[in-house]
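# Breakdown of the fold
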2 protein chains.
Amino acid sequence: MVFRVTVNGAWRATRTLWLLLLVILSVGICVCRASSLSPEESNSMENTIVTEKKAEESHRQDSADLLIFIMLLTLTILTIWLFKHRRFRFLHETGLAMIYGLIVGVILRYGIHVPRNVSNVTLSCQVNVSPATLLVNFSGKFYEYTLKGEINPTESKDVADNEMLRKVTFDPEVFFNILLPPIIFHAGYSLKRRHFFRNMGSILAYAFLGTVISCFVIGLLMYGCVTLMKQVGQLDGDFFFTDCLFFGAIVSATDPVTVLAIFNELQVDVDLYALLFGESVLNDAVAVVLSSSIVAYQPEGDNSHTFEVMAMLKSFGIFLGVFSGSFALGVATGVVTALVTKFTKLRDFQLLETALFFLMSWSTFLLAEACGFTGVVAVLFCGITQAHYTYNNLSPESQDRTKQLFELLNFLAENFIFSYMGLTLFTFQNHIFNPMFVVGAFLAVFLGRAANIYPLSFLLNLGRRNKIRSNFQHMMMFAGLRGAMTFALSIRDTATYARQMMFSTTLLVVFFTVWVCGGGTTQMLSCQRIRVGVDSDQDNSMSISDGSLERRSTKQESAWLFRIWYNFDHNYLKPILTHSGPPLTATLPPCCGPLAHLLTSPQAYENEGELKDDDSDLILTDRDMNLTYGDITVSTDGSGAHSSGGAAFSGIGADDLDRELTYGDHELVMRGTRLVLPMDDSEPPFSDPQHRLRM
Amino acid sequence: MVFRVTVNGAWRATRTLWLLLLVILSVGICVCRASSLSPEESNSMENTIVTEKKAEESHRQDSADLLIFIMLLTLTILTIWLFKHRRFRFLHETGLAMIYGLIVGVILRYGIHVPRNVSNVTLSCQVNVSPATLLVNFSGKFYEYTLKGEINPTESKDVADNEMLRKVTFDPEVFFNILLPPIIFHAGYSLKRRHFFRNMGSILAYAFLGTVISCFVIGLLMYGCVTLMKQVGQLDGDFFFTDCLFFGAIVSATDPVTVLAIFNELQVDVDLYALLFGESVLNDAVAVVLSSSIVAYQPEGDNSHTFEVMAMLKSFGIFLGVFSGSFALGVATGVVTALVTKFTKLRDFQLLETALFFLMSWSTFLLAEACGFTGVVAVLFCGITQAHYTYNNLSPESQDRTKQLFELLNFLAENFIFSYMGLTLFTFQNHIFNPMFVVGAFLAVFLGRAANIYPLSFLLNLGRRNKIRSNFQHMMMFAGLRGAMTFALSIRDTATYARQMMFSTTLLVVFFTVWVCGGGTTQMLSCQRIRVGVDSDQDNSMSISDGSLERRSTKQESAWLFRIWYNFDHNYLKPILTHSGPPLTATLPPCCGPLAHLLTSPQAYENEGELKDDDSDLILTDRDMNLTYGDITVSTDGSGAHSSGGAAFSGIGADDLDRELTYGDHELVMRGTRLVLPMDDSEPPFSDPQHRLRM
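Residues numbered from 1 in each chain as written. Chains lettered and ligands numbered in written order. Predicted model: local features only at pLDDT ≥ 70, side-chain atom pairs only at ≥ 80, totals over all residues. Heavy atoms only, no water.

### Thoughts on the overall build of chain A
Definition in use: Numbering of helices and strands runs from the N terminus, with a helix taken as a DSSP run of H or I at least four residues long and a strand as a DSSP run of E at least two residues long. Each residue is assigned to one of three classes by its accessible area relative to the maximum for its type, calculated with a 1.4 Å probe on protein chains only: buried under 20%, partly exposed between the two thresholds, exposed over 50%. Only the protein chains shown count as cover for residues, with accessible areas throughout obtained via the Shrake-Rupley method and a probe of 1.4 Å.
Tallying secondary structure elements over chain A gives 29 helices and 3 strands in all. Considering chain A as a whole, with its 695 residues, one finds that 59% of them fall into the buried category. Accessible surface for chain A amounts to roughly 27500 Å². Of this, 63% is attributable to carbon and sulfur atoms.

In structure tokens, the structure reads:
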């Protein structure tokens with residue numbers, strides 16, 4: 001009874017608030033319209049004042065446009081809350097953001113008529129090359145203009161026509177340089193490393209091989225489709241094979257944000273989660289670099305769209321160069337941040353620490369872009385490195401702060417992109433919807449995904465002990481949504497006929513996959529009988545306690561390559577970059593003695609019990625930990641160094657590897673929230689699913 | 001012994017890291033240089049590819065430029081850490097950021113020679129008005145250009161000359177629209193409301209009257225100075241009286257960020273802190289609106305710089321209109337946010353809650369700008385409203401998150417502005433340093449501040465029981481630093497001779513005040529014998545427990561106007577907008593019964609003990625609280641509603657007012673960190689200075 005009253009109250013209140021927000025939204029749109037109406041009246045005034053006024057008008061207009069998006073996001077947030085509150089799972093926040101975007105797009109397109117802005121001028125010029133900056137002499141006064149881009153001759157009339165719609169159209173580079181980086185960084189930073197590393201081989205196979213396969217399959221199918229269209233006479237412009245491949249590359253970037261949100265909520269099997277998440281994170285990077293190397297495919301000579309081995313090799317070289325360069329840069333800045341946070345006592349000042357972390361992560365992006373690599377890819381690997389090393393050096397408060405900060409940025413950027421996507425279906429002015437191309441594309445996307453998942457899973461299963469079952473495969477097939485990255489790649493260049501058709505088709509693919517595949521996830525899960533409600537921590541402690549079977553499989557999977565990396569990481573990288581791991585003096589050859597001494601943090605020697613500075617209580621707690629749960633012989637890092645100090649140099653034992661893999665995340669959770677800060681709750685350390693979720 | 005080793009290690013490590021960062025910084029500058037060198041080579045290639053390449057180059061250049069700033073900030077953070085670590089107080093982070101900015105400015109100016117970029121083109125055009133968008137036909141292809149601004153004819157050569165320096169020059173509007181809002185919002189959001197309200201009368205007097213006095217005193221003195229310069233023949237361009245007044249307005253915005261940081265650290269007397277902080281926060285708003293109304297002073301007729309009553313009145317009307325409009329908008333969005341957070345159960349999903357809070361606060365700015373008001377002012381009052389109402393509705397986690405988020409944004413924006421300030425001394429290309437004007441300006445700034453503080457303090461002391469002593473007055477005089485707002489206002493328009501001279505002079509004023517006045521704060525404090533180490537909480541509980549003397553003075557000061565407001569706030573606004581306060585059914589007249597019932601949150605009725613939803617444990621804890629510290633009869637809001645439920649309608653008692661004023665902040669601290677989340681520490685609730693500081 002009491003409960004009903006509250007819920008009814010909430011309903012009523014929400015309805016009121018919704019109305020309120022709709023009112024605000026319409027006010028926003030009106031303001032928007034008003035500010036674009038006013039310039040006309042001031043034509044007769046003095047010249048400088050006119051310029052000033054115009055700048056002011058344009059600024060007001062921009063504010064009003066942004067306001068519309070903010071209102072859209074606010075509306076989305078309130079609706080999401082309502083959905084979460086009532087446990088609706090058929091529509092994710094991103095799908096919702098798209099719907100709201102669509103609605104506002106329709107209003108802007110058909111509801112508002114802005115009169116022609118007469119002050120656009122077309123000049124002619126004898127110079128051959130378009131300069132980046134233009135000085136124009138208007139009756140004695142000089143004005144500076146900056147290049148915005150090329151415009152189709154047919155389009156040049158529309159520019160003057162539809163000021164309003166053009167205004168709500170962002171520079172596509174905004175997506176790449178402002179909105180994508182936080183999303184991608186967050187993906188890297190929030191990677192569940194334990195499960196990721198356990199399935200690394202498969203993930204790499206899906207991400208690299210799978211994306212390339214998918215790209216070429218889609219490209220070939222689309223080429224067939226385009227050739228057919230040409231013969232039927234449905235094609236009005238050029239569409240080359242490289243265009244088809246480009247299309248293949250951009251729609252190969254999967255983004256199962258919806259699916260993973262539901263997985264998280266339902267606690268679906270961790271391996272499936274790891275496979276999907278790992279694949280989608282990495283294949284974004286692959287798709288970006290792939291598409292840019294396809295664009296770089298430029299055979300010499302007149303006919304620039306024939307096949308040529310040299311150009312092909314060059315493209316391949318670009319792919320490798322850009323990818324490895326971005327990778328190296330991302331890792332490098334991560335390592336620098338780890339070193340800085342290790343060797344300074346910045347942790348005493350959390351604000352400084354968080355700011356430094358944020359700035360260094362951002363600088364990765366800028367550095368990569370400035371060097372001609374791909375910032376998004378660099379940021380991804382920077383995020384993974386930061387999570388693996390730097391995170392352990394941060395103070396507990398900064399760990400929370402950085403996580404929350406990037407979570408928020410990710411949330412805002414993601415919902416902004418999706419609502420913009422909805423908006424753009426109506427406000428973008430060069431859509432080319434070709435039914436045949438659209439149908440072909442849907443088919444190609446489906447087949448491309450199938451050609452990625454099923455054959456690779458078959459091959460991987462030959463080597464895996466812990467097979468990827470067929471229901472997992474179907475689920476992965478189904479979960480291949482297209483999202484932010486696909487959109488950002490396709491809107492980046494919409495100059496040619498082919499690109500415009502691609503963009504329109506891509507939008508439809510994204511809409512379909514997010515709404516239909518995203519919405520059907522729960523049904524698909526129950527249909528495929530994939531177990532839900534698996535607590536990843538419980539799962540683990542069970543697998544530890546009920547024998548060595550699971551452990552074997554992990555060992556089996558983590559083959560020689562991975563084991564070498566793991567040993568290297570544990571013996572050298574972790575001790576150098578963090579406060580954990582064995583002391584370097586024990587792992588490095590004796591000749592490097594002084595260097596090792598310099599680089600090893602005092603905490604690594606804590607077993608000698610001589611340093612009791614403010615960090616050592618962390619290790620003490622770790623040791624307590626070890627005593628309390630001694631029956632499962634967990635050795636977390638701090639005391640792990642102690643016990644394996646002697647054996648470390650001769651290579652780490654297989655059990656150690658397994659243990660650390662299994663408890664890698666535990667250690668993090670413990671440090672972050674329980675042992676160091678005795679504040680969170682009083683539950684036993686091994687059953688804290690709620691907290692994990694909230695992280 | 002052990003300690004020395006660590007510190008030495010830290011020193012050595014820091015030196016190494018510094019070197020590393022300097023290397024990175026120089027790499028950044030090199031990359032920057034390299035990217036601006038390359039466009040030359042590609043002149044012979046195809047046209048479209050050239051455009052693409054150019055856009056790419058320009059993007060790389062932009063990344064490299066931003067990278068320089070990021071590196072500057074990183075360097076600043078590391079140095080600040082070192083200073084804090086060793087407790088150097090003579091240089092604040094902002095002063096440091098300026099120094100680093102200066103160094104990089106010198107390097108960019110004299111160290112790097114970028115060859116002329118030949119591709120700038122000057123066109124002539126017959127049209128009279130400069131259009132916002134320009135379509136240029138370069139040999140058959142159309143390119144779109146956007147207006148960047150007017151350029152002096154003399155300058156038009158420089159544009160081509162110094163690409164590099166121009167590149168590191170940001171659009172001045174960036175400061176106003178991106179960097180200032182978080183700073184100002186943070187100021188409002190982190191206002192210590194208890195002390196602010198206690199001294200509100202004085203603060204308003206200093207902020208409004210004081211700023212206007214200071215503006216006119218400086219304006220008149222500068223007009224004298226300029227007239228003198230004209231007669232001596234030192235003036236090369238126009239400098240009108242309105243320009244002088246404008247200068248007065250922009251240098252009247254004080255920003256004692258350095259001083260307050262030191263006050264915080266040393267725990268200086270809370271009343272002095274409140275006076276300075278309150279004044280500086282509000283006078284920023286006054287200065288912005290004042291300067292824009294001075295710009296709007298446009299007498300009719302040919303001679304636009306004579307005195308005219310109508311234009312003067314119009315300016316005054318603009319001042320009032322813009323200020324009150326911005327105020328109303330800011331408060332309105334704050335109220336909407338409070339309502340949304342009160343009536344939805346968003347607090348269950350902290351991410352959504354934080355995102356909503358952030359978006360609503362940002363939308364204030366955009367809404368104000370779109371309506372033609374001043375966003376910065378709106379954001380300030382929005383921040384205060386959010387802190388006063390919305391903050392209480394947020395979940396404890398979101399309270400922390402929002403505080404930390406805005407703290408970080410404030411930190412980054414502030415240091416960015418200050419390092420840009422240093423940079424701009426060398427990279428800005430139209431400096432006009434006129435020794436006479438500079439000396440005059442320094443004198444005027446000094447006298448203007450004096451004419452603000454001393455007479456007003458005298459007048460205020462007539463009415464105040466708790467006098468502003470003369471050492472406080474000297475300290476306030478000394479603490480009138482100029483900072484981010486002054487800079488942003490002066491860089492906004494540097495088109496005319498007068499404005500350029502103002503900008504250069506303003507820079508010098510900022511440098512001087514930040515370094516000299518900021519650096520000398522500790523000395524000044526000890527010289528003026530102002531007591532330090534005052535714990536604001538202890539101070540309070542003392543004043544409560546040792547009798548009614550202090551209480552009287554508070555009551556005296558909170559005169560009729562304030563008391564009316566307080567009663568209104570406590571009886572109506574707080575119950576409507578938050579979960580606290582007496583139920584509206586008790587305070588509103590009976591005829592509004594249903595409405596009151598609708599708006600009152602269930603928590604307000606908790607004394608009837610029928611609703612036990614997830615928020616009520618908060619109130620239970622509050623009540624426990626009340627029991628434990630019953631001897632001082634603290635009644636925090638939740639249970640305060642209980643005890644004063646009957647008396648509330650007939651007007652609140654004077655003691656209640658005093659109590660709540662005194663415990664307003666306590667309640668916040670308790671809810672935020674101790675009672676609801678029993679995690680923070682085990683200290684008794686009334687002695688938590690450290691935590692307060694970290695907040």
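More follows now that the structure is in view.
### Some remarks on the pattern of salt bridges
Inclusion rule: Salt bridge criterion: a side-chain nitrogen from Lys or Arg within 4 Å of a carboxyl oxygen from Asp or Glu.
Within the structure shown, the criterion is met by 8 salt bridges over all chains. The shortest N-O distance in the salt bridge between Arg-401 of chain A and Glu-407 of chain B comes to 3.1 Å. Of the two residues, Arg-401 of chain A sits in helix 15 (residues 396-427) while Glu-407 of chain B sits in helix 15 (residues 396-427), which places them in two different chains. This pair shows no difference in class: Arg-401 of chain A is buried, exactly as Glu-407 of chain B is. For Arg-401 of chain B, the salt bridge identified is with Glu-397 of chain B, shortest N-O distance 3.9 Å. On the criterion of helical spacing, the pair formed by Arg-401 of chain B and Glu-397 of chain B is a turn pair, its members being 4 residues apart in helix 15.

### Brief notes about unusual backbone geometry
Residues and elements named next belong to chain A. Phi angles above zero are rare outside glycine, and Arg-529 is one such case at about 50 degrees. Positionally, Arg-529 belongs in the loop between helix 20 (521-527) and helix 21 (536-545). Accessibility expressed as a relative area gives 74% for Arg-529, which makes it exposed.

### Things to note about the environment of Ile-213 of chain A
All names here are of chain A. Definition in use: Contact between two residues is taken to exist if any of their heavy atoms lie within 4.5 Å; hydrogens are not considered.
In this fold, Ile-213 is placed in helix 8 (residues 200-232). What makes Ile-213 partly exposed here is its relative accessible area of 26%. The spatial distance from the C-alpha of Ile-213 to the C-alpha of Leu-456 is 9.8 Å, given a sequence separation of 243 residues. Residues within four places of Ile-213 in sequence aside, it is in contact with Ala-451, Asn-452 and Leu-456.

### Things to note about the confidence of the model for chain A
Residues and elements named next belong to chain A. Just so we agree on the cut-off: pLDDT measures the predictor's confidence residue by residue and takes values from 0 up to 100.
With 65% of its residues at a pLDDT of 70 or more, chain A has an overall mean of 73. When the criterion is pLDDT under 50, residues 538-557 qualifies, and its contacts beyond four places in sequence or with other chains add up to 28 contacts. Per the prediction output, this complex has pTM 0.78; the corresponding ipTM is 0.76.

### Remarks on the packing of aromatic side chains
How two aromatic rings sit relative to each other is given by the distance of their centres and the angle of their planes. Selection rule: Stacked, tilted and edge-to-face are the three classes applied to pairs of Phe, Tyr and Trp rings, where Trp contributes its six-membered ring and a pair requires centres within 6.5 Å; stacked means planes under 30 degrees apart, edge-to-face means over 60, and tilted covers the rest. The criterion for a charge sitting over a ring is simple: Lys NZ or Arg CZ within 6 Å of the ring centre, and within 35 degrees of the ring normal.
A full pass over the atoms with the stated rule returns 57 aromatic pairs over all chains. Seen in terms of ring centroids, Phe-239 of chain A and Phe-437 of chain A are 5.2 Å apart; in terms of plane orientation they differ by 50 degrees. Their pairing is tilted. With a gap of 198 residues between them, Phe-239 of chain A in the loop between helix 8 and helix 9 (241-250) and Phe-437 of chain A in helix 16 (residues 435-463) connect regions that are remote in the sequence. The exposure classification of Phe-239 of chain A matches that of Phe-437 of chain A, with both residues buried. A cation over a ring is seen here: Arg-492 of chain A above Phe-176 of chain A, with NZ or CZ 3.8 Å from the ring centre. Directly above the ring of Phe-246 of chain B sits Arg-499 of chain B, whose terminal nitrogen or CZ lies 4.1 Å from the centroid.

### Here's the deal with the side chain of Ser-293 of chain A
Residues and elements named next belong to chain A. Relative to the elements of secondary structure, Ser-293 occurs in helix 11 (residues 270-295). In this structure Ser-293 comes out as buried when scored by relative accessible area, which is 4%. Sequence-distant contacts of Ser-293, defined by excluding residues within four places in its chain, comprise Ser-315, Ile-318 and Phe-319.

### Here we look at the nonpolar core
Note the threshold: Here, nonpolar core refers to any group of buried Ala, Val, Leu, Ile, Met, Phe, Trp, Tyr and Cys residues whose side-chain atoms link them within 4.5 Å.
Ranked by internal contacts, the top residues of the largest apolar core, which has 311 residues, are Phe-263 of chain A together with Phe-263 of chain B. Leave out the neighbours within four places in its chain, and Phe-263 of chain A touches Val-268, Leu-272, Tyr-273, Leu-276, Met-475, Thr-521 and Leu-525 of chain A.

### Things to note about helix 17 (residues 470-478) of chain A
Among the residues of helix 17 of chain A, those classed as buried are Asn-471, Phe-472, Gln-473, Met-475, Met-476 and Met-477 of chain A. Close packing links the buried residues of helix 17 of chain A with helix 8, helix 10 (257-266), helix 11, helix 16 and helix 20 of chain A.

### Some remarks on helix 11 (residues 270-295) of chain B
All names here are of chain B. How we decide: In this scheme, a helix's expected span is set at 1.5 Å multiplied by one less than its residue total. Under this definition, polar contacts are N or O atom pairs within 3.5 Å; protein pairs additionally need one hydrogen-donor-capable and one acceptor-capable atom, and for neighbouring residues in sequence, both atoms have to be side-chain atoms.
Compared with an ideal rise of 1.5 Å per residue, which puts 26 residues at 38 Å, helix 11 spans 37 Å between its outermost C-alpha atoms and is within 8% of the ideal. Counting buried positions along helix 11 gives 24 out of 26 residues, so the element sits mostly inside the fold. For helix 11, the N-terminal cap is Asp-269; the gap from its side-chain oxygen to the backbone nitrogen of Asp-271 is 2.9 Å.

### Concerning a nonpolar patch on the surface
Stated formally: Exposure above 30% relative accessible area and the lack of any salt bridge qualify a residue for a patch; like charges then connect within 9 Å, and the nonpolar side chains Val, Leu, Ile, Met, Phe, Trp and Tyr within 5 Å.
The grouping of Leu-221, Leu-443, Phe-446 and Leu-447 of chain A at the surface amounts to a nonpolar patch, some 380 Å² of accessible area in total. No other element matches the 3 residues that helix 16 of chain A contributes to the nonpolar patch.

### Structural notes on the environment of Phe-185 of chain B
All names here are of chain B. Summarising the element assignment, Phe-185 is placed in helix 6 (residues 172-189). Among the residues examined, Phe-185 registers a relative accessible area of 2% and is labelled buried. When the C-alpha atoms of Phe-185 and Leu-366 are compared, they prove to be 13 Å apart, with 181 residues separating the residues in sequence. With near-sequence residues (within four places) excluded, Phe-185 lies in contact with Phe-357, Ser-361, Val-379, Cys-382, Gly-383, Gln-386 and Phe-406.

### A look at the environment of Leu-525 of chain A
All names here are of chain A. Checked against the element boundaries, Leu-525 lands in helix 20. For Leu-525, a relative accessible area of 2% translates into the label buried. Setting aside its immediate chain neighbours within four residues, Leu-525 contacts Phe-263, Leu-266, Val-268, Met-475, Ile-530 and Val-532.

### Observations concerning the packing of helix 13 (residues 350-370) of chain A against helix 15 of chain A
Residues and elements named next belong to chain A. Definition in use: An axis is simply a line fitted to the C-alpha atoms; with a helix, the fit covers only the stretch in contact. Between two such axes, the angle follows the N-to-C directions and lies from 0 to 180 degrees. Throughout, the term roughly parallel applies to angles under 35 degrees, roughly antiparallel to angles over 145, roughly perpendicular to angles from 65 to 115, and oblique to all others. In this scheme the handedness of a crossing depends on how the near helix is turned from the far one: anticlockwise by less than a right angle means left-handed, clockwise means right-handed. Charged means Asp, Glu, Lys or Arg here, nonpolar means Ala, Val, Leu, Ile, Met, Phe, Trp, Tyr, Cys or Pro, and polar covers whatever is left, Gly included.
The geometry of helix 13 relative to helix 15 is characterised by a closest axis approach of 9 Å and an angle of 45 degrees between their N-to-C directions. Taken together, helix 13 and helix 15 sit at an angle that is classed as oblique. The two elements helix 13 and helix 15 meet at a crossing, and its hand is right-handed. Touching Gln-350, Leu-351, Glu-353, Thr-354, Phe-357 and Phe-358 of helix 13 are Glu-397, Ser-398, Arg-401, Thr-402, Leu-405, Phe-406 and Leu-409, all from helix 15. Partitioned by chemical class, the residues of the contact of helix 13 with helix 15 number 6 nonpolar, 4 polar and 3 charged.

### Here's the deal with the side chain of Glu-414 of chain A
All names here are of chain A. Convention followed: Neither His nor the chain ends contribute to the count of charged residues, in which Lys and Arg are positive and Asp and Glu negative.
Examined against the element boundaries, Glu-414 turns out to sit in helix 15. One buried charge, Glu-414, has no salt-bridge partner; the nearest side chain with opposite charge is Lys-84, at 10 Å. Among residues more than four places away in sequence, those in contact with Glu-414 are Thr-94, Ile-183 and Val-257.

### Remarks on the state of the cysteines
For clarity, the threshold we go by: Disulfides are defined as cysteine sulfur pairs within 2.5 Å.
Inspection of the entire model under this criterion finds 0 disulfides over all chains. Here Cys-225 of chain A stays free of any disulfide, with the sulfur of Cys-244 of chain A as its closest cysteine sulfur at 8.3 Å.

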